[in-house]
Amino acid sequence: VVEDRDQPMTFPTAEQFPPMASYLADIPPATDPALQKDIYYQMVNQGNLNGTQFWISQRKYDPSCANEQLGLDEPQQWTLWNNSGAISHPFHIHQNPFQLLQESDRGSYTYPVWRDTLAIPKAKNTVAPNSDPLDSVNPWGSSKILYVAKEFTGLFVNHCHILGHEDRGMMHNTQSVCPDGQWGLTGPV
């Protein structure tokens with residue numbers, strides 16, 4: 001009720017909050033090195049308006065190819081890299097949100113942050129797409145995320161959310177499969 005007089009208000013205590021929705025439980029860490037991937041958002045010939053190329057991990061979008069594969073309920077940790085010193089590519093992935101763990105320009109988060117889009121930090125300077133992302137003089141920008149495919153198998157995409165970059169190749173097909181590697185249907189949510 002809003003009235004013309006002050007109302008004593010306090011922030012709710014932890015006990016007064018409703019329980020966290022089960023689908024927002026933290027994603028478990030991906031401790032298996034096979035489930036830790038580096039994905040490179042790369043601009044080639046940056047600054048050349050007509051000649052700039054947009055890649056992810058040295059590939060332009062190919063609708064006939066799935067570049068990443070995830071098993072249902074199998075968390076993966078991705079390090080997203082950006083070689084541009086001028087643009088923070090907004091990474092977006094369809095189907096499920098992800099948890100942000102770390103950004104090169106902000107450090108680590110005490111608690112993982114739920115996101116569906118993330119601006120991958122810029123590189124210190126614009127660097128060549130085949131350079132060392134961990135170069136101490138010219139490091140790439142990076143973000144670490146946890147992602148887990150839930151409930152649905154099939155194809156979806158991850159891409160730069162700048163339309164001109166996505167349309168010119170900065171998009172990958174991603175697929176989720178059953179734990180045995182087969183395609184299938186899942187039960188009701």
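A quick note: this is a predicted structure, and the numbers were derived from the prediction, not measured.

Things to note about the packing of aromatic side chains
Here the structure, examined in full by the defined rule, presents eight aromatic pairs. Residues Tyr-40 and Trp-140 carry aromatic rings whose centres are separated by 5.7 Å and whose planes lie at 80° to one another, so their mutual orientation is edge-to-face. Taken as a pair, Tyr-40 in strand 1 (residues 36–44) and Trp-140 in the loop between strand 8 (117–119) and strand 9 (141–147) lie far apart in primary sequence, 100 residues in all. You can call Trp-140 buried: its relative accessible area is 4%. A centroid spacing of 5.5 Å and a plane angle of 65° characterise the contact between Phe-91 and Phe-98, whose relative ring orientation is edge-to-face. Phe-98 gets classed as buried once you look at its relative accessible area, which sits at 0%. Members of the aromatic cluster, connected to one another through ring pairs, are Tyr-41, Trp-78, Phe-91, Phe-98, Tyr-147 and Phe-156.

Describing the layout of surface pockets
It is a probe the size of a water molecule, rolled over the atoms, that shows where empty space is left. Looking at the largest pocket, its volume works out to about 280 Å³. Taken together, 15 residues make up the lining of the largest pocket; nearest its centre are Tyr-23, Ala-25, Trp-114, Val-148 and Lys-150. Partitioned by chemical class, the residues of the lining of the largest pocket number nine nonpolar, two polar and four charged.

Re the nonpolar core
By size, the foremost hydrophobic cluster in this structure holds 21 residues, and its most contacted members are Tyr-41, Trp-78, Leu-80, Phe-91 and Ile-145. Looking at this core, the elements that each hand over two or more residues are strand 1, strand 2 (53–56), strand 4 (76–82), strand 5 (90–93), strand 6 (98–103), strand 9 and strand 10 (154–160). A per-element tally of this core places strand 1 first, with three residues. Not counting the four nearest positions on each side in its chain, Leu-80 is found in contact with Ile-39, Phe-91, Leu-118, Ile-120, Gly-141, Ser-142, Ser-143 and Ile-145.

Details of the side chain of Gln-99
Position of Gln-99 among the secondary structure elements: in strand 6. For Gln-99, the side chain forms a polar contact with the main-chain nitrogen of Ile-27, separated by 2.6 Å. Among residues more than four places away in sequence, those in contact with Gln-99 are Ala-25, Asp-26, Ile-27, Pro-112, Val-113, Trp-114, Lys-144, Ile-145 and Leu-146.

Let's talk about the pairing of strand 9
Most of strand 9 is tucked away: six of the seven residues are buried. One ladder, built from seven bridges, connects strand 4 with strand 9; its direction is antiparallel. If you follow Leu-80 over to strand 9, its bridge partner there is Ser-143. Summarising the sheet, strand 6 and strand 9 pair through four bridges and their orientation is antiparallel. Looking at strand 9, one finds that Gln-99 is bridged to Leu-146.

Points about the sheet that holds strand 1
Spatial ordering of the open sheet is given by 2-1-4-9-6-7, a layout of six strands whose pairing is mixed. Since the sheet does not close on itself, it has two edges, and those belong to strand 2 and strand 7 (107–115), each with one partner. The sheet shows a mean angle of 20° between the axes of neighbouring strands, taken without regard to direction.

A word on the pattern of salt bridges
For the structure on display, the rule yields two salt bridges. For the salt bridge of Asp-73 with Lys-150, the shortest nitrogen-to-oxygen distance reads 2.7 Å. One end of the pair, Asp-73, is in the loop between strand 3 (68–71) and strand 4; the other, Lys-150, is in the loop between strand 9 and strand 10, and 77 residues separate them in sequence. The closest approach of N and O atoms between Glu-103 and Arg-106, which form a salt bridge, is 3.9 Å.

What about the pairing of strand 5?
Side-chain alternation along strand 5 places Pro-90 and His-92 on one buried face and Phe-91 and Ile-93 on a second face that is also buried. Pairing analysis gives three bridges linking strand 5 to strand 8, with the strands arranged antiparallel. Bridge pairing links Phe-91 to Leu-118 in strand 8. Strand direction decides the pairing type here: strand 5 and strand 10, joined by three bridges, are antiparallel. Among the inter-strand pairings, Phe-91 is bridged to a residue of strand 10, identified as Cys-160.

What counts, and at which threshold
Residues numbered from 1 in each chain as written. Predicted model: local features only at pLDDT ≥ 70, side-chain atom pairs only at ≥ 80, totals over all residues. Heavy atoms only, no water. Phe/Tyr/Trp six-rings, centres within 6.5 Å; stacked < 30°, edge-to-face > 60°. Helix = DSSP H or I, 4+ residues; strand = E, 2+ residues; numbered from the N terminus. Buried < 20%, exposed > 50% of the residue type's maximum accessible area, 1.4 Å probe, protein only. 1 Å grid on protein atoms, 1.4 Å probe; cavity = no way out; pocket = protein on both sides within 12 Å on 5 of 7 lines; lining within 4 Å. Points joined across faces, edges and corners; volume = space filled by probe spheres on them. Nonpolar A, V, L, I, M, F, W, Y, C, P; charged D, E, K, R; others polar. Core = buried A, V, L, I, M, F, W, Y, C linked by side-chain atoms within 4.5 Å. Contact = heavy atoms within 4.5 Å. Polar contact = N/O pair within 3.5 Å; in protein donor to acceptor, adjacent residues only side chain to side chain. Pairing = 2+ DSSP bridges. Axes fitted to C-alpha atoms, helices over the stretch in contact; angles between N-to-C directions. Salt bridge = Lys/Arg side-chain N within 4 Å of Asp/Glu carboxyl O.

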